[in-house]
Amino acid sequence: MATLIYNKATKQIPKDAHIIIIGAMKCGTTALYNALIQHPRICACMLKEPEFFSERQSHGINARINAEQWGTSLDYSDLWRFRPGKHKFAIEASTGYTKYPFEPHTALNIKNYGLDPHFIYLVRDPYARIESQYNFMMPYPYFNPGEPITAMTCVALSNYFLQLEPYRKLFGTGKLTIIEFDDWVSDYRSVISLIFNRLGIDDFGIDPALVNKNETRFTRVEVGINTSRITRALLPSGKLRFKIGRALRQFSKPADRRRLDEQERAVIHDLLENDMKEFGRVYGFPVGKWGF
């Protein structure tokens with residue numbers, strides 16, 4: 001069971017002092033988190049992705065596999081070494097909070113917990129984000145090679161209006177800051193300054209060496225061993241396939257990236273069109289650049 005970081009009775013984190021990065025997978029959440037935690041007024045979470053309010057994320061602290069380590073009486077504030085005289089905000093970045101409909105209750109769980117956080121939501125060209133997510137998932141045990149790239153497991157996470165709607169209804173648009181991935185890549189300093197201004201804290205010089213903006217790349221052997229019908233038949237354990245792939249990656253070249261073809265792009269466009277237009281209308285976001 002985890003040891004409590006401090007006496008909650010005297011050092012509780014204010015309910016409105018939380019920053020939650022809720023960008024979808026493969027939108028730069030890790031890079032943004034690593035940049036923001038450099039500010040001396042922002043306290044980093046013990047786990048970047050605690051998934052405290054998620055219900056189905058296997059890597060979260062509430063998952064059965066982690067329950068014994070963290071204990072069942074864990075308070076959300078226990079995840080930070082928050083010092084009131086030093087810190088103004090406590091930050092985390094759980095991508096599971098915007099995986100609706102697979103995680104349908106996260107916004108409500110946050111509200112019911114009594115928090116009133118600042119939410120930073122990262123978005124990206126929906127087609128590029130889907131490609132990136134699909135390529136990222138391919139070596140992992142949960143990846144299903146028989147599921148098309150146009151399945152809702154990928155497409156739903158690019159439905160930005162769908163993902164934000166529970167937060168907008170419960171917390172209001174004033175608590176939401178939307179950041180575009182392309183802006184982050186092209187001029188991350190301006191993005192950081194914008195966020196600090198929204199939070200009401202002084203700007204701070206971020207060390208670019210600590211901000212990794214490169215996407216994760218896997219090797220041919222890592223992808224092949226998990227997607228081949230032969231290896232999946234011979235090695236039914238996904239975890240074992242993953243471990244073998246990791247062990248052999250040094251002997252393999254980078255895997256070819258899966259790209260959407262025109263037919264797949266058309267299918268995704270039809271699935272997202274109505275909600276993407278709503279996203280543009282409600283948040284004033286220029287979705288036309290993505291073809292909507």
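Higher on the page you've got the structure.
A brief structural summary. Note that this is a predicted model, so its numbers are computed, not measured.

1. Overview of the pattern of salt bridges
For the coordinates displayed, the defined rule picks out 11 salt bridges. Notably, a salt bridge pairs Lys175 with Asp116, separated by 3.6 Å at the nearest N-O pair. Placement of Lys175 in the loop between α7 (160-171) and β5 (176-180) and of Asp116 in the loop between α4 (106-112) and β4 (118-123) is noted, with a sequence separation of 59 residues between them. For Lys175, a relative accessible area of 16% gives the class buried. Put simply, Arg259 and Glu131 hold a salt bridge, and the shortest N to O gap is 3.4 Å. In this pair, Arg259 is assigned in the loop between α12 (238-248) and α13 (262-283) and Glu131 in helix α5 (residues 126-137), connecting sequence segments 128 residues apart.

2. Focus on empty space enclosed by the protein
Using the criterion set out here, one finds 1 cavity of 30 Å³ or more in the structure. Taken as a whole, the largest cavity holds about 80 Å³ of empty space. For the lining of the largest cavity, the class distribution of residues is 5 nonpolar, 2 polar and 3 charged.

3. Considering the pairing of strand β3 (residues 89-92)
With burial as the criterion, each face of β3 is covered, one bearing Phe89 and Ile91 and the other bearing Ala90 and Glu92. Across 3 bridges, strand β1 (residues 18-21) lies against β3 in parallel orientation. Residue pairing for β3: Ile19 is matched across the bridge by Ile91. Relative to β3, strand β2 (residues 42-44) runs parallel, the two sharing 3 bridges.

4. A word on the nonpolar core
Counting residues in each nonpolar core, the largest one holds 80 residues, and the members touching the most others are Leu36 and Phe279. It is helix α9 (residues 188-199) that provides the largest number of residues to this core, a total of 6 residues. In contact with Leu36, other than residues within four places in its own chain, are Ile21, Ile42, Ile91, Ile120, Ile192, Ile195 and Phe196.

5. Quick notes on the packing of aromatic side chains
All told, the structure shown has 25 aromatic pairs when counted by the stated rule. Taken together, the ring pairs connect Phe52, Phe53, Tyr76, Trp80, Tyr97 and Tyr113 into an aromatic cluster. The positively charged end of Arg124 is found above the aromatic ring belonging to Phe181, 4.3 Å away from the centroid. The ring of Tyr127 carries the charged tip of Arg265 above its face, separated from the ring centre by 4.1 Å.

6. A few points about the side chain of Asn159
As for its position among the elements, Asn159 is in the loop between α6 (152-155) and α7. Assessed through its relative accessible area of 8%, Asn159 is described here as buried. The residues touching Asn159, leaving out its near neighbours within four places in the chain, are Leu272 and Asp275.

Rules and cut-offs
Residues numbered from 1 in each chain as written. Predicted model: local features only at pLDDT ≥ 70, side-chain atom pairs only at ≥ 80, totals over all residues. Heavy atoms only, no water. Salt bridge = Lys/Arg side-chain N within 4 Å of Asp/Glu carboxyl O. Helix = DSSP H or I, 4+ residues; strand = E, 2+ residues; numbered from the N terminus. Buried < 20%, exposed > 50% of the residue type's maximum accessible area, 1.4 Å probe, protein only. 1 Å grid on protein atoms, 1.4 Å probe; cavity = no way out; pocket = protein on both sides within 12 Å on 5 of 7 lines; lining within 4 Å. Points joined across faces, edges and corners; volume = space filled by probe spheres on them. Nonpolar A, V, L, I, M, F, W, Y, C, P; charged D, E, K, R; others polar. Pairing = 2+ DSSP bridges. Core = buried A, V, L, I, M, F, W, Y, C linked by side-chain atoms within 4.5 Å. Contact = heavy atoms within 4.5 Å. Phe/Tyr/Trp six-rings, centres within 6.5 Å; stacked < 30°, edge-to-face > 60°. Lys NZ or Arg CZ within 6 Å of the ring centre and 35° of its normal.

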